[in-house]
Amino acid sequence: MHLTQGAIGNLSNRYRAVLRKCRLLNTFGSLAVAGLLVLGPCSAAHAEQLVAPWTEKTITIGNGDTINADIQFDAFSENTKNNILTESLTLQEGGSLSIGTEISLIHRADAEQGYAGLTVDMQGGTLTNDGFLQAESINISGGTITLTNTNATEEMGLRAESITISGGDFSLSEDASITAQSLLDISGGHFAASGMGHLRSLGITNISGDTRIDVSGSTTNVEGTITLGGNAQLIVAEKNSINQTQLDFPVHNTMEIKDNATISIGGLSGVDIRNGWVFPATVTQTGGSILVTDTTSYANGEYGGILSIRNVTYHLQGGSIHVGPLSIMNVEDDLIISGGSLKNEGQFAATRLDLSNAGNALSNTGFLSISSELLCSDAQLKDLVAASTASLLIE
């Protein structure tokens, strides 16, 4: 292998960038460059691999292939972590990619253009990520994905302009996240989220198909302009679980619940649907169901879950909401019912409740409290307190 003077100069400059970041240039810089010139081909080849570990434009990790990314490369810029030149990364059945703690894999074009340069297609295999993988687009249709954030020094996980997921088994914990800039489209797969796992988009978040999301322990966010449909199941703690689990929906502008989608809230757990944006937000339920019915025994008593709806206008037009005997539903803004059904056997409080077009959609055998305004007919008012176990408080 013959090195031209220009090639040697390029390698020297790259070594200087690395050494400058490590603050060792004054001490070791001249030795490193001198050693490079003296040792010739072997050192030159090693230097090229060290500076840009993935120089191939297309990389496929197939059956039996294993790549461990456990060294932080930062040769192209001292202030960013743009360290690969690969434009297409494919992970297939039998392949394995492991990204170490706080290690970042970002295409170098990302520094100037943002979310540019790299596309990721995971068809199978395993991805273990305790660091950060950023791309222009990420498509996952199968495999096993484990996302963690051991040191929790900054947000780790997957990030892209658009992320499409149609299958795979996911484990998210320790503040790891899947974040899309414009579109997060989940139409399949199983997600086990614990310890601050996040699924979110700054744009649109769609969850549909046969997707199942199991949340246990701590708080998990599903964020964006949200559509929850298909046969998707979101299970917030298993029945009889004493783990205090929270699933938050920070809504950007709108959220729609439709089809056969289900949100199930276990005992001692809660769901918080709230405004996560600076502008007014609206939630529309045309189908699906929200079940706050599971109970658990804890500290010499039995308790149910909590459904909290805050700073959004909620339109119940179809589907159902069921609040069990030991559970709570709290609406801190307007609840407008024009279809579907709301069955309250527990404690239900609302700031403003509009039953003008509800018919008999609301069934109350528990405690109902209205703090501002109740819009209903005389017949509806009578039905709200007809049951022997029912009570109504209008403040």
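Heads up: the structure comes first, above all this text.
In every chain, residue numbers begin from 1 and rise along the written sequence. In keeping with the predicted nature of the model, local features appear solely for residues at pLDDT of at least 70, side-chain atom pairs appear and are counted solely at 80 or more, and the whole-chain, interface and lining totals rest on all residues. Note that water and hydrogens are dropped before the side-chain values are worked out from all heavy atoms of the structure.

S.K.: An account of the overall build of the chain is needed here, citing residue identities and associated values.
M.R.: What counts as a helix is a DSSP run of H or I of at least four residues, what counts as a strand is a run of E of at least two, and both are numbered from the N terminus. Summing up its helical and strand segments, the chain has 5 helices and 32 strands in all. Exposure is judged per residue with a 1.4 Å probe applied to protein chains only, and the accessible area is read against the type maximum: over 50% gives exposed, under 20% gives buried, and values in between give partly exposed. A total of 395 residues make up the chain; the buried ones form 47% of that total. We call two residues in contact whenever any of their non-hydrogen atoms come within 4.5 Å of each other. A separation of at least 24 residues holds for 52% of the contacts in the chain among residues at least 6 apart in sequence. Exposure was quantified through the Shrake-Rupley algorithm and a 1.4 Å probe, taking into account, for residues, occlusion by the shown protein chains and nothing else. For the chain, the accessible area works out to roughly 17,200 Å², and carbon and sulfur atoms hold 48% of it.

S.K.: Describe the pattern of salt bridges, listing the residues and the values that go with them.
M.R.: Salt bridge, as applied in this entry: a Lys or Arg side-chain nitrogen positioned within 4 Å of an Asp or Glu carboxyl oxygen. By the definition in use, this model includes 6 salt bridges. Among the salt bridges present, the one from arginine 212 reaches aspartate 214, with a minimum N-O distance of 2.8 Å. Given a relative accessible area of 28%, arginine 212 falls into the partly exposed group. Residues aspartate 334 and arginine 352 are paired through a salt bridge, measuring 3.4 Å at the closest nitrogen-oxygen approach. A residue pair is termed long-range when its members are at least 10 positions apart, and aspartate 334 in strand E27 (residues 328–337) and arginine 352 in strand E29 (residues 347–354) qualify at 18 residues. The class of aspartate 334 is buried, set by a relative accessible area of 19%. Salt bridges linked by common partners bring Asp248, Asp272, Arg274 and Arg310 together as one network.

S.K.: Residues and numbers for the pairing of strand E22 (residues 281–292), please.
M.R.: Both strand E19 (residues 245–257) and E22 contribute to a ladder of 4 bridges, which runs parallel. What sits directly across from isoleucine 257, in E22, is glutamine 285. Strand pairing follows a simple DSSP-based rule, namely that at least 2 bridges must link the two strands. Direction of pairing for strand E20 (residues 262–265) relative to E22: parallel, over a ladder of 3 bridges. Each residue of the ladder has a partner; that of threonine 262, found in E22, is serine 289. Of the strand pairs in this sheet, E22 and strand E26 (residues 312–323) are connected by 10 bridges, and their pairing is parallel. Note that in E26 the partner of valine 292 across the bridge is valine 323.

S.K.: Quick rundown of the packing of aromatic side chains? Include the residues and the values.
M.R.: Each aromatic ring pair is characterised by the separation of its centres together with the angle its planes make. Between rings of Phe, Tyr and Trp, where Trp is taken as its six-membered ring, a pair exists when centres lie within 6.5 Å; planes separated by under 30 degrees are stacked, by over 60 edge-to-face, and by other angles tilted. As enumerated under the stated definition, the model contains 1 aromatic pair in all. Ring centres of phenylalanine 170 and phenylalanine 191 lie 4.4 Å apart, and the angle between their planes is 15 degrees; on these two criteria the pair is classed as stacked. Placement of phenylalanine 170 in strand E12 (residues 169–172) and of phenylalanine 191 in strand E14 (residues 190–193) is noted, with a sequence separation of 21 residues between them. There is no split in this pair, since phenylalanine 170 and phenylalanine 191 are both buried.

S.K.: Give me a nonpolar patch on the surface: which residues, what numbers.
M.R.: Patch definition: residues with relative accessible area over 30% and no salt bridge; like charges joined within 9 Å; nonpolar side chains (Val, Leu, Ile, Met, Phe, Trp, Tyr) joined within 5 Å. Taken together, Trp277, Val278 and Phe279 make up a surface patch of nonpolar side chains, about 350 Å² in accessible area. Relative to the helices and strands, tryptophan 277 is located in the loop between strand E21 (270–275) and E22.

S.K.: An account of the environment of alanine 281 is needed here, citing residue identities and associated values.
M.R.: In this structure, alanine 281 sits in strand E22. Among the residues examined, alanine 281 registers a relative accessible area of 5% and is labelled buried. Along the sequence, alanine 281 and threonine 225 sit 56 residues apart, while their C-alpha atoms lie 9.5 Å from each other. Discounting residues that sit within four places of it in the chain, alanine 281 has contacts with Val251, Asn253, Asn275, Val312 and Thr313.

S.K.: Account for unusual backbone geometry, naming residues and giving values.
M.R.: For asparagine 253, which is not a glycine, the phi torsion comes out positive at approximately 75 degrees. Within the secondary structure, asparagine 253 is located in strand E19. The phi angle at asparagine 311 is positive, at roughly 60 degrees, despite the residue not being glycine. Residue placement: asparagine 311 occurs in the loop between strand E25 (306–310) and E26. Under the relative-accessibility criterion, asparagine 311 is labelled partly exposed at 45%.

S.K.: Describe in detail the pairing of strand E17 (residues 218–228), supporting the description with residues and values.
M.R.: As judged from the 7 bridges shared by strand E15 (residues 198–207) and E17, these two strands associate in the parallel manner. The residue bridging arginine 200 from the neighbouring strand is glutamate 223, located in E17. Bridge analysis of E17 against E19 gives 8 bridges, and the strand direction is parallel. Among the inter-strand pairings, asparagine 221 is bridged to a residue of E19, identified as aspartate 248.

S.K.: So what about the environment of asparagine 221? Which residues, and what values?
M.R.: The residue asparagine 221 is located in strand E17 in this model. Setting aside residues up to four positions removed in sequence, asparagine 221 forms contacts with Gly197, His198, Leu199, Arg200, Asp248 and Pro250.

Remember, this is a structural readout, not a statement about activity or role.
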